[in-house]
Amino acid sequence: MELENIGKNIRKYRLIKKLRQEDLAEKANLSINYVGAIERGEKIPSLETFISIINALGVSADMVLADVIEKGYIVKTSMLAQKLDKISNEDRAMIYDVIDAILKHSKQSI
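In this text, all values refer to a predicted model and were calculated from it rather than measured experimentally. (Residues numbered from 1 in each chain as written. Predicted model: local features only at pLDDT ≥ 70, side-chain atom pairs only at ≥ 80, totals over all residues. Heavy atoms only, no water.)

### Digging into the environment of Ala101
(1) Moving on: Positionally, Ala101 belongs in helix α7 (residues 89-104).
(2) Moving on: Looking at Ala101, the relative accessible area reads 40%, which means it is partly exposed. (Helix = DSSP H or I, 4+ residues; strand = E, 2+ residues; numbered from the N terminus. Buried < 20%, exposed > 50% of the residue type's maximum accessible area, 1.4 Å probe, protein only.)

Set out below in structure tokens:
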């Protein structure tokens, strides 16, 4: 299991929210060093700390855990669908064409 992805996702959402590590640490009542260690994958937060972090970020647990839970692809698919809903039909069709081309040439042909 790639638990370091939890930290990478925490960092990703922190940056999306335009927060510094210091800001997240303060909001979650953690030390800056500990937040940095989590983001680098050196530490895995306890459940209580994890909840503090996601509450401070204003994101759901499944968003942060999408890469490490078995059903994570459902979350990613949902997030992708939301993004695709915001673009023009022409751009959406182009993206689907690219995905189809990639799948056609993938090692595991569908």
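### Topic: the pattern of salt bridges
(1) Moving on: Overall, the coordinates contain 3 salt bridges when judged by the stated rule.
(2) Moving on: We note a salt bridge from Glu39 to Arg14, for which the minimum N-O separation is 2.6 Å. Remark: Arg14 occurs in helix α1 (residues 4-16) and Glu39 occurs in helix α3 (residues 32-39); sequence separation between them is 25 residues. Summarising the burial analysis for this pair, Glu39 and Arg14 share the class buried.
(3) Moving on: A salt bridge links Asp23 to Arg20; the nearest nitrogen and oxygen atoms lie 2.9 Å apart.
(4) Moving on: Judged by relative accessible area, Asp23 falls into the partly exposed class, the value being 22%. (Salt bridge = Lys/Arg side-chain N within 4 Å of Asp/Glu carboxyl O.)

### A word on α1
(1) Moving on: Across its 13 residues, α1 extends 19 Å between first and last C-alpha, which sits within 8% of the 18 Å expected from 1.5 Å per residue.
(2) Moving on: Taken as a whole, α1 has its buried residues at Asn5, Ile6, Gly7, Asn9, Ile10, Tyr13 and Arg14.
(3) Moving on: Directly after α1, the chain includes Lys18, whose backbone phi takes a positive value near 60 degrees. (Expected span 1.5 Å × (residues − 1).)

### Quick look at a nonpolar patch on the surface
(1) Moving on: On the surface, Ile95, Tyr96, Ile99 and Leu103 cluster together into a nonpolar patch covering about 310 Å² of accessible area.
(2) Moving on: Structurally, Ile99 is set in helix α7.
(3) Moving on: Accessibility expressed as a relative area gives 34% for Ile99, which makes it partly exposed. (Patch = residues over 30% accessible without salt bridge, like charges linked within 9 Å, V, L, I, M, F, W, Y side chains within 5 Å. Areas by Shrake-Rupley, 256 points an atom, 1.4 Å probe, with all protein chains shown as cover.)

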